[in-house]
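Observations on the model geometry
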Amino acid sequence: MSNIKVRFENTGIEMRKIVEYQEKVENIDKEIRKNASDSTEFLGWLNLPTSYDKEEFERIKKSASRIRSNSKVFVCIGIGGSYLGARAVIEALNNGFYNSDSNEPQIFYAGNNLSSTYIAEMIEAIGDRDVSINVISKSGTTTEPAIAFRIFREFLENKYGLEEARKRIYVTTDKEKGALKQLSNDEGYETFVVPDNVGGRYSVLTAVGLLPIAVAGINIDELMNGARIAQNKYIEPNLKYNECYQYAVTRNILYDEGKEIEILANYNPKLHYFVEWWKQLFGESEGKEEKGIFPVGVDFTTDLHSMGQYIQQGQRNLMETVINVVNPEVDIEIKPDEDNLDGMNFVAGKTVDYVCKKAMEGTIEAHVNGGVPNIIIDMEKLDAATIGNLIYFFELACAMSGKILGVNPFNQPGVEEYKKNMFRLLGKPGYEI
């Protein structure tokens, strides 16, 4: 099982206050489920765990197996939702320390910035190792990944020649149109589909995320199974039983009480990029019309020694959600030391995770007493099924929360503003003053 439990006892919000939203939640739930099959509503993720393209899914697994057999490096080229979901899952579930003796391909990420140094150092790190790439872009014209793809396509063609390079380029793009689709048709690249009705930040359980995740050796059947468990679990809109909708309502109640910033905290560094994915999901979905809870992330206990002071005693416009992995994959017992010069023998015989849990409990208590309401999300363990469950939990909660807030959680009109200025400054035709 991939159990997730949400605890609200440290929010100061009673259940009777949450259930006052019952009618509104039911109406929103009815609306999004009714529109799930409408390709213009970007709700294709809602039923994805049970209605995904099974043929493409099997093709993803076959391509991943081929890449794993012939490549020591895999470069995932994309930005925003085109790479964050995959990276979140991969870094949560795989060993974060590179082992040169491992047969696993090393996963690199390109096209998520415009740093020439970053690209040059990546190419240097690849060295003479065999490499395949996956470029992910619905249009094929997004600046960062388009530039990176130009560079890495040339790199592959110089390294392998045109024919072999074509076999090592995998494209995830629009089903029928766009620059990347046209190029893929011309060159014969293996292609996968960015669904029309799934926005980038909701796309991790499509080919967008699944191919890189599978290349990393993660069981995507289990990932989808965990999401399917969540889909079934949160189908009932009754607020007495639906913890996903309880979370959406609670954060809106706290927002109305002046808690304008939500901190997502984790106590496991493997979840750093999961928090980054969550930040995009909620920030891009809710930050509109001068509304929205500002999402920030912290890695505890690390950030208790940097951001901890502000959280404890800064402006009281904060709420906090904590992801707690109940059972660690491995644990380490702390041994006694005869000299005890560090004074740490009081934890001898205990485990590192036990100490971490007490740090978490003490921090939550301090923050709540300091005026920071706290929600705790307990994950039974950190595995593919539980991560799939948590992904779906947050996607559904984000949709509900945005609708309660009164914005469209599936568009991002503000993202285009910086692009217009950048294109004008670069002299792109059609963007002159």
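In what follows, the structure referred to is the one given above.
Residues numbered from 1 in each chain as written. Predicted model: local features only at pLDDT ≥ 70, side-chain atom pairs only at ≥ 80, totals over all residues. Heavy atoms only, no water.

1. Description of helix 9 (residues 179-187)
Taken residue by residue, helix 9 has Leu180, Lys181, Ser184 and Glu187 as its buried positions. The arc that holds the buried residues of helix 9, viewed along the axis, is 140 degrees, so those residues lie on one side. Residues of helix 9 that are exposed and point more than 90 degrees away from the buried face comprise Gln182, Asn185 and Asp186. Among the structural elements, strand 4 (131-136), helix 7 (143-160), helix 8 (162-167), strand 5 (169-173) and strand 6 (190-193) are those in contact with the buried residues of helix 9. Looking one or two residues past helix 9, Gly188 carries a phi angle of roughly 80 degrees, positive in sign. (Buried < 20%, exposed > 50% of the residue type's maximum accessible area, 1.4 Å probe, protein only. Helix = DSSP H or I, 4+ residues; strand = E, 2+ residues; numbered from the N terminus. Arc of directions from axis to C-beta. Contact = heavy atoms within 4.5 Å.)

2. A look at the packing of helix 4 (residues 54-70) against helix 10 (residues 207-215)
Where helix 4 meets helix 10, the closest approach of the two axes is 8 Å, and the angle between their N-to-C directions is 35 degrees. Considering the relative orientation of helix 4 and helix 10, their crossing is right-handed. Along the contact surface, helix 4 presents Glu56, Phe57, Ile60, Ser63, Ala64, Ile67 and Arg68, while helix 10 presents Ala207, Leu210, Leu211, Ala214 and Val215. Its residues assigned to classes, the contact of helix 4 with helix 10 comprises 9 nonpolar, 1 polar and 2 charged. (Axes fitted to C-alpha atoms, helices over the stretch in contact; angles between N-to-C directions. Left-handed = near helix turned anticlockwise from the far one by under 90°. Nonpolar A, V, L, I, M, F, W, Y, C, P; charged D, E, K, R; others polar.)

3. Here we look at the pairing of strand 3 (residues 106-110)
Judged by how many residues are buried, strand 3 sits mostly within the fold: 5 of 5 residues are covered. Here strand 3 shows two buried faces, one formed by Gln106, Phe108 and Ala110 and the other by Ile107 and Tyr109. Relative to strand 3, strand 2 (residues 73-77) runs parallel, the two being bridged by 5 bridges. Looking at the pairing, Val73 lines up with Gln106 of strand 3. Crossover connection from strand 2 via helix 5 (residues 84-93) to parallel strand 3: handedness right-handed. (Pairing = 2+ DSSP bridges. Right-handed = clockwise from strand over helix to strand, strands pointing away.)

4. Points about the sheet that holds strand 2
Read across the open sheet, the 5 strands follow the order 3-2-4-5-6; overall the sheet is parallel. Edge positions in the sheet fall to strand 3 and strand 6, since each has one partner strand and no second. Across the sheet, the mean angle separating the axes of adjacent strands is 20 degrees when strand polarity is ignored. As paired elements, strand 5 and strand 6 share 4 bridges and run parallel to each other. In the strand pairing of strand 6, Tyr170 is matched with Glu190. Sitting on the sheet, helix 6 (residues 116-126) touches strand 2, strand 3 and strand 4, and the angle it makes with strand 3 is about 160 degrees.

5. Concerning the nonpolar core
Grouped together as the largest cluster of nonpolar side chains are 95 residues, with contacts concentrated most on Trp45, Phe274, Trp277, Ile387 and Phe394. Setting aside its immediate chain neighbours within four residues, Phe274 contacts Ala88, Ile323, Ile387, Leu390, Ile391 and Phe394. In terms of nonpolar packing, the next biggest core, distinct from the first, is built from 22 residues, Met122, Val131, Phe155 and Leu180 among them. (Core = buried A, V, L, I, M, F, W, Y, C linked by side-chain atoms within 4.5 Å.)

6. Some words on helix 5
For the α-helix, the turn length of 3.6 residues means that residues three or four positions removed from each other point alike. Taken across its 10 residues, helix 5 has 8 buried, putting it largely inside the fold. Contacts made by the buried residues of helix 5 are with strand 3, helix 10, helix 11 (220-233), helix 13 (272-286) and helix 16 (384-405).

7. Overview of the pattern of salt bridges
Evaluation of the coordinates by the stated rule reveals 27 salt bridges. Where Glu262 meets Arg251, a salt bridge forms, and the shortest distance between an N and an O atom there is 2.6 Å. Here the residue Glu262 occupies a position in strand 7 (residues 261-266), and Arg251 occupies one in helix 12 (residues 243-256), the gap between them amounting to 11 residues. Taken individually, Glu262 and Arg251 each receive the classification buried, so the pair is uniform in this respect. (Salt bridge = Lys/Arg side-chain N within 4 Å of Asp/Glu carboxyl O.)

8. A word on the pairing of strand 5
In terms of burial, strand 5 is a largely internal element, 5 of the 5 residues being buried. Alignment of strand 4 against strand 5, held across 4 bridges, turns out to be parallel. Along strand 5, the bridge assignment pairs Val135 with Val171. On the question of chirality, the crossover connecting strand 5 to the parallel strand 6 by way of helix 9 is right-handed.

9. Notes on unusual backbone geometry
Put simply, Phe300 and Thr301 share a cis peptide bond, and its omega is 10 degrees. Tracing the backbone shows Thr301 in the loop between strand 8 (294-299) and helix 14 (308-313). Here the phi dihedral of Phe42 falls at roughly 55 degrees; this positive angle occurs in a residue that is not glycine. Structurally, the position occupied by Phe42 is in the loop between helix 2 (22-34) and helix 3 (48-51).

10. Remarks on the side chain of Asp29
Counting through the fold element by element, Asp29 comes out in helix 2. Within the structure, Asp29 has its side chain in polar contact with the side chain of Arg33 (distance 2.8 Å). (Polar contact = N/O pair within 3.5 Å; in protein donor to acceptor, adjacent residues only side chain to side chain.)

11. A look at the packing of aromatic side chains
For the structure on display, the rule yields 18 aromatic pairs. Ring geometry for Phe274 against Trp277: centres 5.2 Å apart, planes inclined by 55 degrees, an arrangement best described as tilted. Of this pair, Phe274 and Trp277 are both found in helix 13, 3 residues apart, which corresponds to roughly one turn of the helix. Judged by relative accessible area, which is 0%, Phe274 ranks as buried. By relative accessible area, which is 2% here, Trp277 ends up buried. Relative to Phe394, the ring of Phe393 lies with its centre 5.3 Å away and its plane at 75 degrees, an arrangement referred to as edge-to-face. For the pair shown, Phe393 and Phe394 are each scored as buried. The structure contains a cluster of three or more aromatic residues connected by ring pairs, namely Tyr234, Tyr247, Phe274, Trp277, Trp278, Phe282, Phe393 and Phe394. A cation sits over an aromatic face here: Arg87 above Tyr273, 4.0 Å from the ring centre. (Phe/Tyr/Trp six-rings, centres within 6.5 Å; stacked < 30°, edge-to-face > 60°. Lys NZ or Arg CZ within 6 Å of the ring centre and 35° of its normal.)

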